[in-house]
Amino acid sequence: MPAKPKSRSYQVSATPVTMLAHLIVVAVAALVLVWLLHFEEGFAFKAANKIKILNVHTFLMIVGFILIAGEAIMAYKTIPAKRKVQKAGHLMLHLIALGAGVLGVYTAFKYKHESGGKDMVTLHSWLGMITICLFGLQWVLGFFSYVFPGSEMSARASYMPWHVFGGMFIFFLAICTAQTGLLQRFKTLNQEGLIVNFTGLLLVLFAIGVGLSAVLPRGY
């Protein structure tokens, strides 16, 4: 009898996708810094030029919130250590992202108040408030379900699919919120406009990379 052909596996590892996502993190952070420092006059919590306060908000929400939150999701595929260490990294990175997000929301309100604008009137502000509230709730539920002693293993197992789904939903919602914010800051298609557009495109690619990294098996 003729030998059976060897089966081919088309299973893709998370490793190359995760590495690409890390490179996108560096690219987005670099673009945001060039944009805000070179074209938008830098950062300040207190300044006569109120755009500097808005720049703090933009930096914190993109680099401090979205990029670090994405890294937290990929921690289980990135950190070459035991599960407990990966979980600790996942938790702490999310906590850092939450802190940056809360501070970023504060600077947005500060900018509006000092520049004489109205709060919570745009789709971007609505999505942003929903995102940061859901993110905080997700972190608290995750802490008490998987870190705080006393939770039952059966309860942890039953909550896990919802924890994963909720985390990815909130992350993609954060990406959508960032896109609406970038639209508000877009002026014209010059050098600065190109940086804003490429930042938005790279954030979409980053979201895809984080999503694939979460669902694909880890490479060994």
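Within every chain, residues take consecutive numbers counted from 1 along the sequence as written. Selection of residues for local features in this predicted model requires a pLDDT of at least 70, selection of side-chain atom pairs for listing and counting requires 80 or more, and totals for whole chains, interfaces and linings are taken over all residues. To obtain the side-chain values, all non-hydrogen atoms of the structure were included, while hydrogens and water were left out.

### Quick notes on the packing of helix α2 (residues 51-73) against helix α6 (residues 153-185)
Rules: Helix axes are fitted only over the stretch in contact, all axes being lines through C-alpha atoms; the angle between N-to-C directions runs from 0 to 180 degrees. By the criteria applied, helices consist of DSSP H or I runs no shorter than four residues and strands consist of E runs no shorter than two, each listed in order from the N terminus. Small angles under 35 degrees read as roughly parallel and large ones over 145 as roughly antiparallel, with 65 to 115 read as roughly perpendicular and the rest as oblique. Crossings are assigned a handedness: left-handed for a near helix turned anticlockwise from the far helix by less than a right angle, right-handed for a clockwise turn. We call two residues in contact whenever any of their non-hydrogen atoms come within 4.5 Å of each other. Under this grouping Gly is polar, as are all residues other than the nonpolar Ala, Val, Leu, Ile, Met, Phe, Trp, Tyr, Cys and Pro and the charged Asp, Glu, Lys and Arg.
The N-to-C vectors of α2 and α6 enclose an angle of 155°; their axes lie 11 Å apart at closest approach. As judged from the angle between their axes, α2 and α6 are roughly antiparallel. Note on packing geometry: the crossing formed by α2 with α6 is left-handed. In this structure, α2 uses Ile-51, Leu-54, Asn-55, Thr-58, Ile-62, Phe-65, Ile-66, Ala-69, Gly-70 and Ile-73 to contact α6, whose residues at the interface are Gly-167, Met-168, Phe-171, Ala-174, Ile-175, Ala-178, Leu-182 and Arg-185. The class makeup of the residues in the contact of α2 with α6 is 13 nonpolar, 4 polar and 1 charged.

### Looking at the nonpolar core
Generally speaking, nonpolar side chains in soluble globular proteins are found buried as a group. Note the cut-off: To define a nonpolar core, start from buried Ala, Val, Leu, Ile, Met, Phe, Trp, Tyr and Cys residues and group those joined through side-chain atoms within 4.5 Å. Burial status follows relative accessibility: with a 1.4 Å probe on protein chains alone, a residue under 20% of its type maximum counts as buried, one over 50% as exposed, and anything between as partly exposed.
If you look at the biggest cluster of nonpolar residues, it comprises 38 residues, and the most contacted ones within it are Val-28, Phe-65, Ile-66, Leu-67, Phe-171, Leu-203 and Phe-206. Of all elements in the fold, only α1 (14-39), α2, α4 (83-115), α5 (123-146), α6 and α7 (191-215) reach the threshold of two or more residues within this core. Those residues in contact with Val-28, other than ones at most four positions away along the chain, are Ile-62, Leu-67, Thr-199, Leu-202 and Leu-203.

### Considering the side chain of His-57
Along the polypeptide, His-57 turns up in helix α2. Those residues in contact with His-57 that sit more than four places away from it in its chain are Gly-104, Val-105, Thr-107, Ala-108 and His-124.

### What to know about the UniProt feature "transmembrane region" (unreviewed entry) in the chain
What counts here: UniProt positions are given in the numbering used here, feature names are shortened, and annotations may be inferred rather than shown by experiment.
With numbering matched to this structure, UniProt assigns "transmembrane region" (unreviewed entry) to residues 12-36, 56-76, 88-106, 126-148, 160-182 and 194-216. Helix makes up 100% of residues 88-106 and strand 0%. Its end C-alpha atoms lie 27 Å apart. Here residues 160-182 runs as 100% helix and 0% strand, with 33 Å between its end C-alpha atoms.

### So, the side chain of His-163
Its place among the elements puts His-163 in helix α6. Of the residues examined, His-163 reaches a relative accessible area of 15% and is grouped as buried. In contact with His-163, not counting residues within four places along its chain, are His-90, Gln-138, Gly-142 and Tyr-146.

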